[in-house]
Amino acid sequence: MHRLRTCAARLRPLTANQKAQNFSQQRPVAAQRTFQPIRCYTAPVAAEPFLNGTSSNYVEEMYLSWLENPKSVHKSWDVFFRNANAGAPPGAAYQSPLGMTVASLPQAMVGAQPNVEKLVEDHLAVQSLIRAYQVMGHHNASLDPLGISCVNFDDSPVNTGFQHIGFYGLDESDLDKVFRLPTTTFIGGAESALPLKEIIRRLEMAYCQHIGVEFMFINDLDQCQWIREKFEKPGVMQFTLEEKRTLLARMVRSTRFEEFLQRKWSSEKRFGLEGCESLIPALKTIIDKSSANGVENVIMGMPHRGRLNVLANVIRKELEQIFCQFDSKLEAADEGSGDVKYHLGMYHRRINRVTDRNITLSLMANPSHLEAVDPVVQGKTKAEQFYCGDTDGNRVMSILMHGDAAFAGQGVVYETFHLSDLPSYTTHGTVHVVVNNQIGFTTDPRMARSSPYPTDVARVVNAPIFHVNADDPEAVMYVCNVAAEWRATFHKDVVVDLVGYRRMGHNEMDEPMFTQPLMYKQIKKQKGVLLKYAEKLIAEGAVTRQEYEEEIAKYDKICEEAHARSKDEKILHIKHWLDSPWPGFFTLDGQPKSMSSPSTGLTEEELAHIGQVASSVPVEDFTIHGGLSRILKSRGEMIKNRTVDWALGEYMAFGSLLKEGTHVRLSGQDVERGTFSHRHHVLHDQNVDKRTCIPMNHVSPNQAPYTVCNSSLSEYGVLGFELGFAMASPNALVLWEAQFGDFHNTAQCIIDQFICPGQAKWVRQNGIVLLLPHGMEGMGPEHSSARPERFLQMCNDDPDVMPKLSEDFAIQQLMDCNWIVVNCSNPGNYFHVLRRQILQPFRKPLIVFTPKSLLRHPEAKSNFDVMLPGTQFLRLIPEEGTASQNPEGVKRIVFCTGKVYYELTKERKTHGMEDTVAIARVEQLSPFPFDLVKAETEKYPNADLVWCQEEHKNQGYYDYVKPRMRTTIQRSKPVWYAGREPAAAPATGNKKAHLVELKRFLDTAFDLDAFKGQV
């Protein structure tokens, strides 16, 4: 429908040369309207001063209302519109008709006409007043229970309330005047007009009490109208007796749980919820409402404050399991090193008592690094939605809790918000709950953020923000109901800001009076929220004092009985706190079902078939780029010759796993094409915008789906997301590729706190794969090193102990390690390690240092023969040339890994030393292949040992490899070093210097006298 012309446009006079036919283009009006809005006037514009750009929308609204029902507007407007429609010039239409005679009018002027200009201005003033409340009413809301709010709006005063009506051109005499309400407000309820003082009273009730609503920045009218209706309609915050009693019972549990812990373990850290106890009923309200809307699975993430309370009263973890965590004599089970109680997670499926429906709740375990868990929760939520076919987020949702200081201060919050509406990352709306203590450890908010509220970051994605005084449980409950409904209706993020305080210090041992003396003097005087609410309900007659005291006694008894039972617990089992169980993958006691890894090879037919898919366009009438046609043609030639390059090796691994029913998800910056333009998993039609084709989804009719998605330019957020996705199921290959290897720097928190120690801390296996492009190519200090030394330093094997070698040594090593680190030198081995990741009977993170120049290196190709049934990943590739045929004549064995192998073989050939120098490639760096290194060193008894790497000596692999090689040979020989000298930067920025360094260490590697005289 065309937009209606404004009233000003309709009433503007025609010039002499304009034709009446101009009006034939007017929008047709609905049939029930009395008059057609087509008029022709000749009055000058000056005769209609009230019809300006500001007022025209208002006049148009009045006019359209009058067309539908003349009695719906004030009598003065009725007269004006009748005169105008009868043909009176606008200048005359609003003049008093008593002395007016217009002979050409078809009917007499009607009624008395007051000053319409003043009327319009007053109505516009009321509209502006209403809008001021909607935009800025939250500035005047009573949000802080302490009454010392640090939110400072001094620079932007709010002109609302009776005392400010003069700002809008109104005065006290207008307070009893009745004004017609615009369609952008719902304060009238069933009434279309109200006296000004009633308008202000209702706006004060809607926007300036214990709820502050920020939403007018949202650029969607329907969403704004929806929120207005929820908060403006008279009588919306009415609760039944049953709802009030349930709310009180929840407040009792939340408050008495913390009081019980404080009584029993007053000197223990527990990061209690005192001061914001209404978080528990808030979460339960969101879950109840979401369950009623069809949600079956809720995944939650939160910081440490209030965590034990959430575990006890929301997830419903057995209280004795929580209480026994405080027992210092509790022995740790042998499952891992464990974590402190306020970092642990939980998974529980139960009946929701309010909706009588099944609901699965899981709280993710997380480290102390605040907000780091946010993207992990989103990734797991996305995975659960994916596996159950929930394309709109109707069955699975996430709730994220935040602290006020961290929500404003941590950049990962922003990164996570920016994933919220991306097709391959959206979870269709998250409910964010900020536990706003108005302090961060010891830092005052005025020093902790530049924005007025801690929640302002959410505005970037048009998420409505509901601030609420946490000492008003009913307001909290109402806001949480609205938040859950918003998420169910619009599938977008929403923020609930619970403004409370922190009764203790940062932890129970901390003294906050050092830094916030006035705040904590006020807190000491503050009556608890439970007591306040109980007194309110007793005064209302909703409960009796006896009922209230019985509810307290009942919960105290539950806690005491659980405490008595907790004393029987002698061993702490971390697996009881698992947040992501994998039913059916392990045995009942959590062990792998077997300790063997099947062959990762494929039949010739399968390889040829997948290769054919990789080298063709499976969609008709699809025009690809000419350069891509050549790439696909060369792939076809390679398949005919039974060889694969790096891109094809990856294609074979992915395609075969998909064919076997394993979902593959590849995510990261520019992964669809590949940073180095080698992958091309998404083809783009050159003639049709946004028409794409993913050949990998055409491998087999019953295959699993393949997801390949370019991510936002984020590492911390996206890697966390993919880690969460991999957590949901063991039956998916989830890969995150860094654009360049060193880009993982900004995701270090996820690597250090989740991926590396995750199983040890939380008994939680994860098979995520990190693809990190690495190699010294003369491209400068950035984009060269993926920092392998960091990953190797964090491996949990002992460099000084030679492990016991057995038949299942290789698989047992994998089982015992915390992650697997590889640097493959050929595509065949890369193919095998990706397939092994899924076919092995457990899950471990896999770190792959991927190549750059090797992607197109003519020698970095593999024959089908190394990928057929019976073949597998080679942890070490031994010397296979002439040197291996005469081991006694070999003077040096050079161990290396990755790309440098090809430079070494080229240099060896140049020196003519194929008989005297053997080169072995360590493909799997960790767990270290002690057995294979031992066999290779023993094969060449007269050879000295050299480790060669292209990285600097204080970087790369040397510090990791050297002690392990020495342990392997029982320290009988030194392990010499050939490589770049120690340096602060990963690589030189000068191309010539790069080549000089390369020549120097290659010369060293093949100079048999280089280490003579050294000890």
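Only a predicted model underlies this, so the values are computations on that prediction, with no experimental measurement involved.

A look at the overall build of the protein
Next, step 1: Within the protein, the secondary structure is distributed over 32 helices and 28 strands.
Next, step 2: The buried share of the protein, taken over its 1015 residues, is 58%.
Next, step 3: Restricting to contacts in the protein with at least 6 residues of sequence separation, those with at least 24 account for 79%.
Next, step 4: Carbon and sulfur atoms provide 51% of the accessible area of the protein, an area that totals close to 41800 Å².

Digging into the confidence of the model for the protein
Next, step 1: Per-residue pLDDT for the protein has a mean of 86; in total, 88% of the residues score no lower than 70.
Next, step 2: Confidence drops under a pLDDT of 50 for residues 1–47, and excluding neighbours within four residues, the segment shows 78 contacts in the predicted structure.

A word on the sheet that holds strand S18 (residues 732–737)
Next, step 1: Taken in spatial order, the 7 strands of this open sheet run S17-S14-S18-S19-S21-S20-S26, and their pairing is mixed. Two strands in the sheet have a free side with no partner beyond their single neighbour: strand S17 (706–710) and strand S26 (924–926). Put simply, the sheet's adjacent strands are angled 20 degrees from each other on average, direction ignored.
Next, step 2: Relative to S26, strand S20 (residues 820–822) runs antiparallel, the two sharing 2 bridges.

Remarks on the nonpolar core
Next, step 1: Among the nonpolar cores identified, the biggest contains 172 residues, and Phe323, Leu770, Phe895 and Trp947 are the most heavily contacted of them.
Next, step 2: Considering every element that reaches this core, the biggest residue donor is helix H16 (residues 473–490), with 10 residues.
Next, step 3: If we skip the residues at most four places from it in the chain, Phe895 touches Leu876, Ala920, Val922, Val933, Glu936, Thr937, Leu945, Val946, Trp947, Cys948 and Met965.
Next, step 4: Among the nonpolar cores identified, the runner-up in size contains 49 residues, and Met638, Ala653, Ala704 and Leu735 belong to it.

Details of the pairing of strand S25 (residues 917–922)
Next, step 1: Summarising burial for S25: 6 of the 6 residues are buried, a large majority.
Next, step 2: Of the two faces of S25, both are covered, the one formed by Val917, Ile919 and Arg921 as well as the one formed by Ala918, Ala920 and Val922.
Next, step 3: Two strands pair when backbone bridges link them, and strand S23 (residues 876–877) and S25 are joined in this way by 2 bridges, in the antiparallel orientation. Paired with Leu876 across the two strands is Val922, which belongs to S25.
Next, step 4: Relative to S25, strand S24 (residues 892–896) is paired through 5 bridges, and the arrangement is parallel. Bridging across to S25, Phe895 finds its partner in Ala920.

What about the sheet that holds strand S3 (residues 211–214)?
Next, step 1: Read across the open sheet, the 8 strands follow the order S3-S10-S11-S9-S8-S4-S7-S6; overall the sheet is mixed. Each edge of the open sheet is held by one strand with a lone partner, namely S3 and strand S6 (346–352). Geometrically, the sheet is characterised by an average inter-axis angle of 20 degrees between neighbouring strands, direction not taken into account.
Next, step 2: When S6 meets strand S7 (residues 357–363), the two strands line up antiparallel, connected through 7 bridges. Counted as the bridge partner of Tyr347 is Ser362 from S7.
Next, step 3: Here helix H12 (residues 373–387) sits on the sheet and contacts strand S4 (297–301), S7, strand S8 (396–403) and strand S9 (430–436); the angle it forms with S8, its principal contact strand, is near 175 degrees.

Reading the values: rules and limits
- Residues numbered from 1 in each chain as written.
- Predicted model: local features only at pLDDT ≥ 70, side-chain atom pairs only at ≥ 80, totals over all residues.
- Heavy atoms only, no water.
- Helix = DSSP H or I, 4+ residues; strand = E, 2+ residues; numbered from the N terminus.
- Buried < 20%, exposed > 50% of the residue type's maximum accessible area, 1.4 Å probe, protein only.
- Contact = heavy atoms within 4.5 Å.
- Areas by Shrake-Rupley, 256 points an atom, 1.4 Å probe, with all protein chains shown as cover.
- pLDDT = per-residue confidence, 0-100.
- Pairing = 2+ DSSP bridges.
- Axes fitted to C-alpha atoms, helices over the stretch in contact; angles between N-to-C directions.
- Core = buried A, V, L, I, M, F, W, Y, C linked by side-chain atoms within 4.5 Å.

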